[in-house]
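The chain contents come next:
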Amino acid sequence: MKASRFLISTLKEAPADAEVASHRLMTRAGMIRKLAGGIYTYMPMGLRVIRKVEAIVREEMDRAGAIELLMPVIQPAELWQESGRWEKYGPELMRIKDRHDRDFIVQPTSEEVITDVARHEIRSYRQMPRNLYHIQTKFRDERRPRFGVMRGREFTMKDAYSFDRTPEAALVSYKAMYDAYVRIFERMGLEFRAVAADTGAIGGSASHEFQVIADTGEDAIAWCPESGYAANVELAEAVPLVAERAAPTQPLAKTPTPGAARCEDVARFLGLPLERTVKSLVLAVDELEPVKDGDDADAPRRVVFTQVWLLLVRGDHELNEIKAGKLPGLAGFRFATEAEIVSHFGCTPGYLGPIGTVHPVKLAVDRTVANMSDFICGANVPDHHYTGVNWGRDLPLPGGPEVIVADLRNVVAGDPSPDGKGVLAIQRGIEVGHVFYLGTKYSQAMNATFVDEDGKSKVIEMGCYGIGITRLPAAAIEQNHDEKGIVWPRPISPFDVVITPLGYSRSESVRSAADALYDRLLKSGIDVILDDRDERPGAMFADWELIGVPLRVTIGERGLKEGLVEVTVRRGMKTVQVPLDGAFQAVTDTLGAC
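Predicted, not measured: the structure shown is a model, and the values here were computed from it.

*Asks:* Requested: an account of empty space enclosed by the protein, with residues and values cited.
*Replies:* Per the counting criterion, the structure on display carries one cavity of 30 Å³ or more. Together, V498, W544, E545, V549, L551, R552, T568, V569 and R570 line the largest cavity. Looking at the lining of the largest cavity, the elements with two or more residues in it are helix 14 (537-547), strand 29 (551-555) and strand 30 (564-569).

*Asks:* Lay out the pairing of strand 14 (residues 278-288) in plain terms, naming residues and giving numbers.
*Replies:* The element strand 14 is extensively covered by neighbouring structure, given that eight of its eleven residues are classed as buried. Both strand 14 and strand 15 (residues 303-314) contribute to a ladder of eleven bridges, which runs antiparallel. Paired with A284 across the two strands is V308, which belongs to strand 15. Two elements, strand 14 and strand 16 (residues 334-335), share two bridges in a ladder whose sense is antiparallel. By the bridge assignment, L283 is partnered in strand 16 with F335.

*Asks:* Please provide a residue-by-residue account of the pairing of strand 17 (residues 362-366), values included.
*Replies:* Counted residue by residue, strand 17 has four buried out of five residues, so it is predominantly covered. For strand 15 and strand 17, the ladder comprises four bridges, and the chain directions are parallel. Within strand 17, the residue paired with L311 across the bridge is A364. Sheet topology note: the strand 17/strand 20 (residues 403-406) ladder contains four bridges and is parallel. For V365, the partnering residue across the bridge sits in strand 20 and is V405.

*Asks:* Describe the packing of aromatic side chains, and please don't skip the residues or the numbers.
*Replies:* Enumeration according to the criterion identifies eleven aromatic pairs in this entry. Measuring from centroid to centroid gives 5.7 Å for W80 and Y89, while their planes differ by 75°, and the two rings are edge-to-face. On the accessibility criterion, W80 (0% relative accessible area) is buried. By relative accessible area, Y89 is classed as buried at 15%. Aromatic side chains Y178 and F210 sit 5.3 Å apart centroid to centroid with 55° between the ring planes, which places their arrangement in the tilted category. Here Y178 is found in helix 6 (residues 167-187), whereas its partner F210 is found in strand 10 (residues 206-213), with 32 residues between them in sequence. Judged by relative accessible area, Y178 falls into the partly exposed class, the value being 22%. Of the residues examined, F210 reaches a relative accessible area of 0% and is grouped as buried. Grouping aromatic residues by their ring pairs yields a cluster made of Y178, Y181, F185, F192 and F210.

*Asks:* Quick one: what's the story with the pattern of salt bridges, residue by residue and with numbers?
*Replies:* This model, assessed by the stated rule, comprises 48 salt bridges. Among the salt bridges present, the one from E142 reaches R151, with a minimum N-O distance of 3.4 Å. Residues R511 and E508 are paired through a salt bridge, measuring 2.6 Å at the closest nitrogen-oxygen approach. Of this pair, R511 and E508 both sit in helix 13 (residues 508-523), separated by three residues, roughly a single helical turn. Judged by relative accessible area, which is 52%, E508 ranks as exposed. Linked by salt bridges that have partners in common, E59, E60, R63, R183 and R187 make up one network.

*Asks:* Give a description of the sheet that holds strand 6 (residues 103-106) that names residues and reports values.
*Replies:* Read from one edge of the open sheet, three strands run 4-6-5, paired in antiparallel fashion. Since the sheet does not close on itself, it has two edges, and those belong to strand 4 (74-76) and strand 5 (94-97), each with one partner. On average, each strand axis in the sheet is tilted by 40° relative to the strand beside it, whichever way the strands run. Alignment of strand 5 against strand 6, held across four bridges, turns out to be antiparallel. Residue R95 lies in a different strand from strand 6, and its bridge partner there is I105.

*Asks:* Hey, could you go over the environment of Q211 for me, with residue numbers and the actual values?
*Replies:* With respect to the helices, strands and loops of the structure, Q211 is situated in strand 10. A residue is classified by how much of its surface remains accessible, and Q211, at 0% relative accessible area, is buried. Separated by 26 residues in sequence, Q211 and E237 place their C-alpha atoms 18 Å apart. One polar contact links the side chain of Q211 to the main-chain amide nitrogen of E431, over a distance of 3.0 Å.

*Asks:* How would you summarise the packing of helix 13 against helix 16 (residues 583-591) if you had to cite specific residues and measurements?
*Replies:* Helix 16 packs onto helix 13 with a crossing angle of 45° between their chain directions and a minimal axis gap of 10 Å. As judged from the angle between their axes, helix 13 and helix 16 are oblique. Classified by chirality, the crossing of helix 16 by helix 13 is right-handed. Every residue of helix 16 that contacts helix 13 at L517, R520 and L521 is listed here: A583, F584 and V587. Tallied by class, the residues present in the contact of helix 13 with helix 16 amount to five nonpolar, no polar and one charged.

*Asks:* Break down unusual backbone geometry for me, with residues and values.
*Replies:* Residue P129 is reached from M128 by a cis peptide bond, and omega for that bond is 5°. Within the secondary structure, P129 is located in the loop between helix 5 (111-121) and strand 7 (130-139). Positive phi is not limited to glycine here, since N380 has a value of about 60°. By secondary structure assignment, the location of N380 is in the loop between strand 18 (375-378) and strand 19 (384-389). Residue N380 is classed as buried on the basis of its relative accessible area of 7%. With phi around 60°, D534 is a residue other than glycine that occupies positive phi space. With a relative accessible area of 31%, D534 lands in the partly exposed category.

Basis of the calculations
Residues numbered from 1 in each chain as written. Predicted model: local features only at pLDDT ≥ 70, side-chain atom pairs only at ≥ 80, totals over all residues. Heavy atoms only, no water. 1 Å grid on protein atoms, 1.4 Å probe; cavity = no way out; pocket = protein on both sides within 12 Å on 5 of 7 lines; lining within 4 Å. Points joined across faces, edges and corners; volume = space filled by probe spheres on them. Helix = DSSP H or I, 4+ residues; strand = E, 2+ residues; numbered from the N terminus. Buried < 20%, exposed > 50% of the residue type's maximum accessible area, 1.4 Å probe, protein only. Pairing = 2+ DSSP bridges. Phe/Tyr/Trp six-rings, centres within 6.5 Å; stacked < 30°, edge-to-face > 60°. Salt bridge = Lys/Arg side-chain N within 4 Å of Asp/Glu carboxyl O. Axes fitted to C-alpha atoms, helices over the stretch in contact; angles between N-to-C directions. Polar contact = N/O pair within 3.5 Å; in protein donor to acceptor, adjacent residues only side chain to side chain. Parallel < 35°, antiparallel > 145°, perpendicular 65-115°, else oblique. Left-handed = near helix turned anticlockwise from the far one by under 90°. Contact = heavy atoms within 4.5 Å. Nonpolar A, V, L, I, M, F, W, Y, C, P; charged D, E, K, R; others polar.

In short, the description is geometric, and any link to function would need to be established separately.
Written as structure tokens, this is what we have:
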């Protein structure tokens, strides 16, 4: 490829709305152009990166035994109504109608369509295991698209789906995809972690996220350097920090705490450690009137009863809403309104606690709180807290019918690792892949069955496996950039090598040397671009440092007089002079280390 015939559209300035490095650099390097909020045109330079990502993904999917197909972007509502996700998915699901007023969706994922394929194509146990995948455009109507292509509305994803006879066989398929994902991200030259994760809207039981490590990542990852344990903070188990509850040493006292509405303020006012305080969070679960035959399932339903819950976590900890939502009776919870709080506690937020509520509430406490003694909590009276609170004396003992004990908090750095082999550290990560064991969530709902060896009809076991194709380049940039621009890992760089001749059109010797090296590199299968635009050296170098091609070869008359050319490695900007007749070998040797 010669630059004069390519579209190089670098910019000096990033757009004003660019919040993260990848958005700034992809725009400035001419890789993307914004069309609408969360919707981008992928320019030729960016598309080359995407095609290299796709190639690696396809090779490893094929190696793992998956078969490629292509499912449509537009899907009929009937399939989503069968699975139950038409109502459950939420406003991110783009619902549309055709000219005949029939409902369709713009797909955010393809579980329903692939299950429909399976129920028509897979009839016998002999046809399994089976794994089908595609690379296709997706659309999720994000409320606030941001971070460029990292959190866009339209994107490209690889999603694969496995089909098996038994849960045991399905976990073998799951492991095969997990291993394929490890190979994919290793081949791309990325630092990543596979972490245990929540299954979210996709559903299922087993789940791992693949996170590219980056300070700008939206996800927090808990991991143990000593043991290798890793999990998304949403899922990471928080072990009790108090091993055993001590006997009370203080009397219960209602203590004035004027203006101290937060645990930090209370601890400061009383001159006590924050770890002695307990934080109160009030949740509510609405019971809706049942849907009757003939009712519109989408019509609003009347609330017939609201159950109020009080959750307690230590003052220096934060509630984990994912864990809370899995507590029996708390599915679909919301935070209580101020009116509901006043009604049940007789006090506005800031001084709430479990002692002396106006109306009964369900009480759930974190494991650490369950083992605390002589702790501090709100007194349900403005400007007052109870000190010296103890279980069994002032409150029912945890673990009985009146006080549910559960893991309710986010882990923090320094917590013991759940595997007992060290302490946890917290890193930021960008999710680029996710594998799920679905079980029969979709096959049961959509009647995808097969005839087993014993002649009986059984429901197919499924798994699903996604990779964010267009998110990966952005994640790679977040991990690989400097003050000059992008620093691509070679496997996904738009080009392997750029040749930058100084005075290409003016100097026969420069042009001849550049063309000869370019031709030889091309014939050897190296992805090379020759910059024949006759730009000023500073502008030319700045473009390629911004774009981030791993290796640059500079050819100029001055060097040629001594029989030398310059080879610059983009990562670290290390430059060496090599003989012209050894330039090809120097390039191939150096690329091997990029």
